[in-house]
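Per-entry structural report
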Amino acid sequence: MAEAPAADGPSEFVINHLEIARVIERAHRRFLDLLRIELTRLGTDDISPSQVMLLFTIGSDELSVRDLLERGHYLGSNASYNLKQLVEGGYVHRSPSLRDRRSARLRLTAKAVSLCEAIRSMHETADRAPRDDAEAMELSVAYNVLRRLEMHWTSALRYGGEGG
């Protein structure tokens, strides 16, 4: 495993797209661990952290399953299983599309909205919010860099070319 350069001197470590993706994946796993702890604090044991992320992806919108998959970049069979669990658990209302009966529309139930609000509230507390303006700025820069990287990789997939 490559190590990041030390703050006090140069290193042979080269930061490339693969290393960025690895850091993103590890950070995502840690975030899911954090969500698991928050679910435990809330006394919610009928939903997984990955399913919570699906709820946040749906948000206040009414989406088709296809839109959800594209918006959240989920794997098909995994998302299908999680959606089935969310419908059975009373977190997502699934109804046939009026235009195309083969397609389903998804929207959050009051139970899901309440859970999302509780989790969002936990992240707005002092232990989750940026400690100062400098940290808020760093988070903003990190977010913007990651969004640009996402757009770069998306463009590489759609139009070919160098993705990493």
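Computed from a predicted model, the values in this text were never measured in an experiment.

**Re the overall build of the chain**
The helix and strand inventory of the chain stands at 6 helices and 3 strands. Beginning at the N terminus, the succession of helices and strands in the chain can be written as α-α-β-α-α-β-β-α-α. Counting all 164 residues of the chain, 23% fall into the buried class. For the chain, the exposed area adds up to about 11700 Å²; of that, 54% sits on carbon and sulfur atoms.

**Section: the environment of Trp-153**
Looking at the secondary structure, you find Trp-153 in helix α6 (residues 133-159). Accessibility expressed as a relative area gives 25% for Trp-153, which makes it partly exposed. Considering only alpha carbons, one finds Trp-153 and His-17, 136 residues apart in sequence, at a separation of 9.5 Å.

**Some remarks on the confidence of the model for the chain**
The pLDDT averaged across the chain works out to 86; a share of 87% of its residues lies at or above 70. The element-level mean pLDDT for the chain is lowest in helix α3 (residues 65-72), coming to 83, with helix α5 (residues 110-123) highest at 95.

**Things to note about the nonpolar core**
One finds Ile-47, Leu-55, Tyr-91, Val-92 and Leu-115 to be the most contacted residues of the largest nonpolar core, which totals 22 residues. Residue assignment for this core shows that the elements contributing at least two residues are α1 (17-41), α2 (49-58), α3, α4 (76-88), β3 (104-108) and α5. Beyond its immediate sequence surroundings of up to four residues, Leu-55 is in contact with Ile-47, Leu-86, Tyr-91, Val-92, Leu-108, Ala-112, Leu-115 and Cys-116.

**Some words on a nonpolar patch on the surface**
A cluster of nonpolar side chains, namely Met-137, Val-141 and Val-145, defines an oily patch on the protein surface of about 260 Å² accessible area. Its place among the elements puts Val-145 in helix α6. Val-145 sits in the partly exposed class, given a relative accessible area of 38%.

**Remarks on the pattern of salt bridges**
Throughout the structure, instances matching the rule amount to 11 salt bridges. Of the charged contacts, one joins Asp-46 and Lys-111 as a salt bridge, the two residues approaching to 3.2 Å between their closest N and O atoms. Taken together, the positions of Asp-46 in the loop between α1 and α2 and Lys-111 in helix α5 put the pair 65 residues apart, joining distant regions of the chain. Salt-bridge contacts for Glu-150 lead to Arg-147; the nearest nitrogen and oxygen are separated by 2.4 Å. Placement of the pair is Glu-150 and Arg-147 together in helix α6, with a separation of 3 residues, close to one helical turn. Each member of the salt-bridge network shares a partner with another, and the members are Arg-30, Asp-33 and Arg-36.

**Describing α5**
Since there are 3.6 residues in each turn of an α-helix, residues three or four apart along the chain are aligned in direction. Between its terminal C-alpha atoms α5 stretches 20 Å, which fits the 20 Å expected from 14 residues at 1.5 Å a residue. Taken residue by residue, α5 has Ala-112, Leu-115, Cys-116, Ile-119 and Met-122 as its buried positions. Mapping the buried residues of α5 onto a view down its axis gives an arc of 120°, with all of them on the same face.

**Digging into the sheet that holds strand β2 (residues 92-96)**
Spatial ordering of the open sheet is given by β1-β3-β2, a layout of 3 strands whose pairing is antiparallel. Edge positions in the open sheet fall to β1 (63-64) and β2, since each of these has one partner strand only. Relative to β3, β2 is paired through 5 bridges, and the arrangement is antiparallel. From the neighbouring strand, Val-92 faces β3, where its bridge partner is Leu-108. Docked against the sheet, α2 engages β1, β2 and β3, running at close to 100° with respect to β3.

About the cut-offs
- Residues numbered from 1 in each chain as written.
- Predicted model: local features only at pLDDT ≥ 70, side-chain atom pairs only at ≥ 80, totals over all residues.
- Heavy atoms only, no water.
- Helix = DSSP H or I, 4+ residues; strand = E, 2+ residues; numbered from the N terminus.
- Buried < 20%, exposed > 50% of the residue type's maximum accessible area, 1.4 Å probe, protein only.
- Areas by Shrake-Rupley, 256 points an atom, 1.4 Å probe, with all protein chains shown as cover.
- pLDDT = per-residue confidence, 0-100.
- Core = buried A, V, L, I, M, F, W, Y, C linked by side-chain atoms within 4.5 Å.
- Contact = heavy atoms within 4.5 Å.
- Patch = residues over 30% accessible without salt bridge, like charges linked within 9 Å, V, L, I, M, F, W, Y side chains within 5 Å.
- Salt bridge = Lys/Arg side-chain N within 4 Å of Asp/Glu carboxyl O.
- Expected span 1.5 Å × (residues − 1).
- Arc of directions from axis to C-beta.
- Pairing = 2+ DSSP bridges.
- Axes fitted to C-alpha atoms, helices over the stretch in contact; angles between N-to-C directions.

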